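Report on the structure
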Amino acid sequence: MIAAILRSISRQARRHPLYVGLNVFGLALGIGVFLTLTLVVRFEYSFNTGFVDADRLARMDEHWSEPGTTPFESADVSFRALPFLKQDFSEIEDAVTFTATTLNVQKNGQFTHFSGRMTDPEFFRMFSLRLVQGDPDTALTRPDGLVLSRRAAMTVFGKSDVLGKTIEINRIGQKNTYSVTGVLGDVPSPGLLDNVDMLLPVPPQDRVTRSCFLFWGSSCGELLLKFHKHDDIAAVNARLSDFVLHRASGTADDQISIGADGKRVYALSVVPLKETHFHDSQVEDAGSSAEQYVIDGIGLIGLLALILGCANTVNLATARAGLRAKEVALRKTLGASRFMLFTQFMGEAMVFSCIAGLSGLALCEICVPAIASVTGEAVDIDYYFIALLLPLVILGSGLASGLYPSLILSGYNPATILAAARMPAGGRKATMLRNALVVAQFSVAICIVICTLVIDRQTSFLRHASRGYIQSGMLIGQQMHSKDIEVQRHMLDMLQSIPNVTSVTLGELQPNPHSLTRTGFFMRVLRDGLTCRWSGIASHQVTEKPTSPACWPDAGLMPHTGRMMAPPTLSLKAETATGMLSSTARPLCPLALKNLMML
Amino acid sequence: MLIHLSRIQRLYRSDEVETTALHDIELDIAQGEFLAIMGPSGCGKSTLLNILGTIDRPTAGSYRFGDEELTKLNETALARFRRENLGYIFQSFNLIDELTIEENIELALIYRNISKPERRQRVAQAMDRVGIAHRARHYPSQLSGGQQQRAAIARAIVGEPRLILADEPTGNLDTENGTQVMDILQTLNDEGATIIMVTHSPSHADLARRRVDMLDGQIVISVRNAI
Ligand SMILES: Nc1ncnc2c1ncn2[C@@H]1O[C@H](COP(=O)(O)OP(=O)(O)OP(=O)(O)O)[C@@H](O)[C@H]1O
Ligand SMILES: [Mg+2]
């Protein structure tokens, strides 16, 4: 049987190479696109799902709705809630802080950057992570403990057997010596620990001195929670407004709370960790995220591609059915039963589908790395998943593309065909089906073409639209994290002295027409000017200007009305409701300037 | 009696017209007979042959083959009946273009439970009998009409059927090839095969043992030839 099918196919391939080629190519294209996009969708849906008890893990987010600003949600939260969480909610099993930080290691005079996270000793227990070296329960209990990823261990030490070794780490301009207490093995990916090189404990003094731990309303890092049951997440969510009222509200001028009307401007919510990837498209300061509807759309396109591939095959097969009518009639006359013929044609469809499936897999293997490099997402081909999916796809597309032609072919009445030399092409019904399929195929194809054109026009518009400043010759780089204003000034001077550099400036944002409305710093400056912290009091809002105005003319930026502001200065120029900041406040409250612009 | 047809009727119905292709056919055919069917075009010869070959069903009447009432069998049973009992020869040969002559002949055996070596052997014997062994690996398009018809005869006899049905087997052939084909059919009949042949050639019909003439879907004359 199988030999007969293979022989028939090789014969068709020899006699009708164009037909077989189109048939297989169309289906292979459909399957290839389907597999590729399914892998992308699966990847996007799999964030944080790999952790043990993933559905009991969650993250606490803050919601701000300051008067006069756009309400927003942030994953960078204050850690002030931490000590109260387990106290107020029996549903919470564990809670840890999780703060991203850049770590620099100097080796042979060169700095290597590592992506680090500061967290609490319970972290490994909470996420049921095992270490390939070291004890997960104690790895972060020492203040100088450090857990490395295997890759980081290889980069720093050239080997992964590094327990007990010491390493000098430069973080925010401060050097500290750490001792390696653990090496992390493979972690569930994609998720929270993607590209994380090092985990280190929160410095003990931070808990008593850092505003993060002391004041509500500071923005520090992520707060990760583990619940006893998945349903607890919803239960706790429902009670968080009471929690805010009880724990975060205070009087108008106390330093710790949100203020008297805390509940009005501030809220908390718990987001299941598995949902954060899609949820984060609405969240400020969140890591990698995706719009769920976009991802679903991509999945739909994959499915459409597969359906188109099958429709193409059905079309070709029904169109050719007429040509095979004589063969069918003859085989019937020679004693082939309808079932035998049906299995023969179905088998052929299955073999075509198999060949197309394997070709589609090859296509997928080419596409997935390309997509990964374009999007920067670590999508890869999970062969276990493919081993499950591909047979289903082959079976499905084989059935879809083979069923109708097989039924038509095996149903021919031999007497009419052989005696009358009439060559049916499947009758009126088959013609109608073929027309419907062609119309469907073209509609989908035209839709996709229109979408592509629209996207192309939009991209080209974005690329060529005037941004209100001169882009050519402008370099934008990350500013060094330094709280020392003199260091920043010195760096600017050094950059300025480079030949052909016309001007240098620091800015919170890159110049764009919406900069001023996009961001706001909410500062509360105490009367004595000695301490400052983020807060949410409307009367003390200052809005940071995106760049030092002196650079504007060089960048082609001109004010629409009014006049240019003061010459460039690194001093904080903050306007409060009542007037200027005192000069003594300046060095103590530098703004975190994120971008450095050179012109 | 090998075949007993009684009150066989075949109607073709379309939206507007109703054609009676066969009307109350009564026909008995004995084992080992060589029957020729003649008649003007459109009188229902092919229709009768198709019903005898079970690739068409009568709209009424009974068709007994041996002890079996064929009109009561379902499609699958009829397919089995055909592969075990029938050999078919057509006016237009009906060889499959994509298959070699050898493969075309083998087609009559592949739906039966016969091992590959035995199939090979029987195909070779059948080709020898009709004298086309030297064209085994050729494709139908590479053969002359006479050779193609002989290949078709080989296909019809390779399964050693009890009944051979031939619809104008010499219709597309010149006199010489026609005579060759008739020689083969006669030899087969001499060896015991039952043959029913539709023909327009009175001389070929005379080579059969019996002859029936049809007109407008009915049998009008039945003559036994003196051979
Ligand atoms: N599929 C069909 N639908 C409708 N009418 C048909 C069909 N097949 C045959 N007929 C009609 O049945 C009658 C008998 O046809 P048949 O093919 O049996 O004639 P025939 O005797 O074999 O003629 P010929 O010598 O030309 O082959 C004809 O009138 C024909 O038009
Ligand atoms: Mg006829």
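Shown above is the structure to which this text applies.
Here's a quick rundown of the structure. (Residues numbered from 1 in each chain as written. Chains lettered and ligands numbered in written order. Predicted model: local features only at pLDDT ≥ 70, side-chain atom pairs only at ≥ 80, totals over all residues. Heavy atoms only, no water.)

A closer look at the interface of chain A and chain B
Rules: The contact criterion used is simple: two residues touch if any of their non-hydrogen atoms lie within 4.5 Å. As used here, buried area is the combined drop in accessible area, with a 1.4 Å probe, of two parts when they are placed together. Whenever Lys or Arg places a side-chain nitrogen within 4 Å of a carboxyl oxygen from Asp or Glu, that contact is recorded as a salt bridge. Polar contacts, as counted here, are pairs of nitrogen or oxygen atoms within 3.5 Å of one another; within protein the pair requires one atom able to donate a hydrogen and one able to accept it, and residues that are adjacent in sequence qualify only if both atoms are side-chain atoms.
With 21 residues of chain A at the interface, the matching set in chain B holds 22 residues. Here chain A and chain B share an interface that buries about 2100 Å² over both sides, 60% of which is from carbon and sulfur atoms. Together, L330, T333 and L334 of chain A form the three largest contributors to the area buried by chain A at its contact with chain B, with a combined 26%. Between R11 of chain A and E103 of chain B there is a salt bridge; the shortest N-O distance is 3.9 Å. At the junction of chain A with chain B, the criterion picks out 5 residue pairs in polar contact (both at pLDDT 80 or more).

Observations regarding the packing of aromatic side chains
All names here are of chain A. Operational definition: By convention, a stacked pair of Phe, Tyr or Trp rings (six-membered ring in the case of Trp) has centres within 6.5 Å and planes under 30 degrees apart, an edge-to-face pair has planes over 60 apart, and any other such pair is tilted. Using a 1.4 Å probe on the protein chains alone, a residue whose accessible area is under 20% of its type maximum counts as buried, one over 50% counts as exposed, and one in between counts as partly exposed. Working definition: helices are DSSP H or I runs of at least four residues, strands are E runs of at least two. Numbering for both runs from the N terminus.
For the coordinates displayed, the defined rule picks out 13 aromatic pairs over all chains. Between F43 and F47 the ring centres are 5.3 Å apart and the planes differ by 75°, which places this aromatic pair in the edge-to-face class. Look at F43 and you get buried, because its relative accessible area is 10%. Among the residues examined, F47 registers a relative accessible area of 6% and is labelled buried. Between Y45 and F278 the ring centres are 4.8 Å apart and the planes differ by 70°, which places this aromatic pair in the edge-to-face class. Of this pair, Y45 sits in helix α2 (residues 17-45) while F278 sits in helix α10 (residues 276-279), and the two are 233 residues apart along the sequence. Its relative accessible area of 34% is what places Y45 among the partly exposed residues. In this structure an aromatic cluster arises from ring pairing among F51, F98, F123, F124 and F127.

Considering the pairing of strand β1 (residues 3-13) of chain B
Residues and elements named next belong to chain B. Rules: One requirement defines pairing of two strands: DSSP has to find at least two bridges between them.
Of the pairings in the sheet, the one linking β1 to strand β4 (residues 60-65) comprises 5 bridges and is antiparallel in character. Across the sheet, S6 pairs through a bridge with S62, a residue of β4. Inspection of the sheet shows β1 paired to strand β2 (residues 18-29) by 8 bridges, in the antiparallel sense. When the bridges of β2 are listed, H4 appears paired with D28. Once β1 ends, the chain turns through 4 residues before running back antiparallel as β2.

Focus on the pattern of salt bridges
Tallied over the full model, the rule gives 35 salt bridges over all chains. In this structure, D186 of chain A and R150 of chain A form a salt bridge, with 3.5 Å as the shortest nitrogen-oxygen distance. Placement of the pair is D186 of chain A in the loop between β8 (174-184) and β9 (198-201) and R150 of chain A in helix α5 (residues 150-157), with a sequence separation of 36 residues. Residues R64 of chain B and E69 of chain B are paired through a salt bridge, measuring 3.9 Å at the closest nitrogen-oxygen approach.

Remarks on the state of the cysteines
Residue and element names in this part refer to chain A. How we decide: Counting rule for disulfides: a pair of cysteine sulfur atoms within 2.5 Å.
Counting across every chain of the model gives 1 disulfide over all chains. With its sulfur 1.9 Å from that of its partner, C212 forms a disulfide with C220. Taking the sign of the torsion about the S-S bond as the criterion, the disulfide between C212 and C220, at about -110°, is left-handed. Like C212, the residue C220 is buried in the burial classification.

Focus: unusual backbone geometry
With an omega dihedral of 0°, the bond running from S189 of chain A to P190 of chain A counts as a cis peptide bond. For P190 of chain A, the location among the structural elements is in the loop between β8 and β9. Positive phi is not limited to glycine here, since N195 of chain A has a value of about 60°. Its location among the elements puts N195 of chain A in the loop between β8 and β9. Non-glycine residue T54 of chain B carries a positive phi angle of around 60°. Here T54 of chain B shows up in the loop between α1 (45-52) and β4.

Observations concerning the sheet that holds β4 of chain B
Residue and element names in this part refer to chain B. Counted only if it meets this: To obtain an axis, a line is fitted to C-alpha atoms, over the contacting stretch when the element is a helix, and the angle between two such axes runs from 0 to 180 degrees between their N-to-C directions.
Spatial ordering of the open sheet is given by β2-β1-β4-β5, a layout of 4 strands whose pairing is antiparallel. Each having just a single partner strand, β2 and β5 (68-69) make up the two edges of the open sheet. Where α1 meets the sheet, it contacts β1, β2 and β4, and its direction lies at approximately 120° from that of β1.

Some remarks on the nonpolar core
Spelled out, the test is: Nonpolar core, defined: a set of buried Ala, Val, Leu, Ile, Met, Phe, Trp, Tyr and Cys residues in which side-chain atoms within 4.5 Å join the residues together.
With 89 residues, the main nonpolar core has I3 and I196 of chain B as its most contacted residues. Counting residues per element, this core draws most heavily on helix α5 (residues 145-157) of chain B, at 6 residues. The contacts of I196 of chain B, once residues within four sequence positions are left out, are I3, I29, L35, I37, L49, L52, L163, I164, L165 and A166 of chain B. Of all hydrophobic cores here, the second largest spans 48 residues; its members include W64, L103, V180 and A248 of chain A.

Quick look at the packing of helix α3 (residues 101-110) of chain B against helix α4 (residues 116-130) of chain B
All names here are of chain B. Where we set the bar: Any angle from 65 to 115 degrees is called roughly perpendicular, while one under 35 is roughly parallel, one over 145 is roughly antiparallel, and all others are oblique. For any helix crossing, the convention is left-handed if the near helix is rotated counterclockwise from the far helix by under a right angle, and right-handed if that rotation is clockwise. Under the convention adopted here, Pro, Cys and the residues Ala, Val, Leu, Ile, Met, Phe, Trp and Tyr are nonpolar, Asp, Glu, Lys and Arg are charged, and Gly plus all remaining residues are polar.
Close contact between α3 and α4 brings their axes to 9 Å; oriented N to C, the two are set at 120°. Taken together, the axis directions place α3 and α4 in an arrangement best described as oblique. Regarding α3 and α4, the two cross each other, and that crossing is right-handed. For the pair α3 and α4, the contacting residues are I101, E102, I105, E106, L109 and I110 in the first and K116, R119, R122, V123 and M127 in the second. Tallied by class, the residues present in the contact of α3 with α4 amount to 6 nonpolar, no polar and 5 charged.

Focus on the side chain of E222 of chain A
All names here are of chain A. The test is simple: Only four residue types enter the tally: Lys and Arg on the positive side, Asp and Glu on the negative side, with His and both chain ends excluded.
Mapped onto the elements, E222 comes out in strand β10 (residues 222-227). The buried charged residue E222 lacks any salt bridge partner; its closest oppositely charged side chain belongs to R59, at an N-O distance of 4.3 Å. Ignoring any residue separated from it by four or fewer positions in sequence, one finds E222 in contact with R59, A75, D76, F79, V96, T97, F98 and L192.

Quick notes on the sheet that holds strand β9 (residues 210-215) of chain B
Residue and element names in this part refer to chain B. Ordered by their spatial adjacency, 6 strands build an open sheet running β6-β7-β8-β3-β9-β10, and the pairing between neighbours is mixed. At either end of the open sheet lies a strand with only one pairing partner, and these are β6 (86-89) and β10 (218-224). Averaged over all neighbouring strand pairs, the angle between strand axes comes to 15°, with direction disregarded. Relative to strand β8 (residues 194-198), strand β3 (residues 34-38) is paired through 4 bridges, and the arrangement is parallel. Paired with I37 across the bridge in β8 is V198. Where helix α6 (residues 175-190) meets the sheet, its contacts fall on β3, β6, β7 (163-167) and β8, and the angle it forms with β8 comes to roughly 150°.

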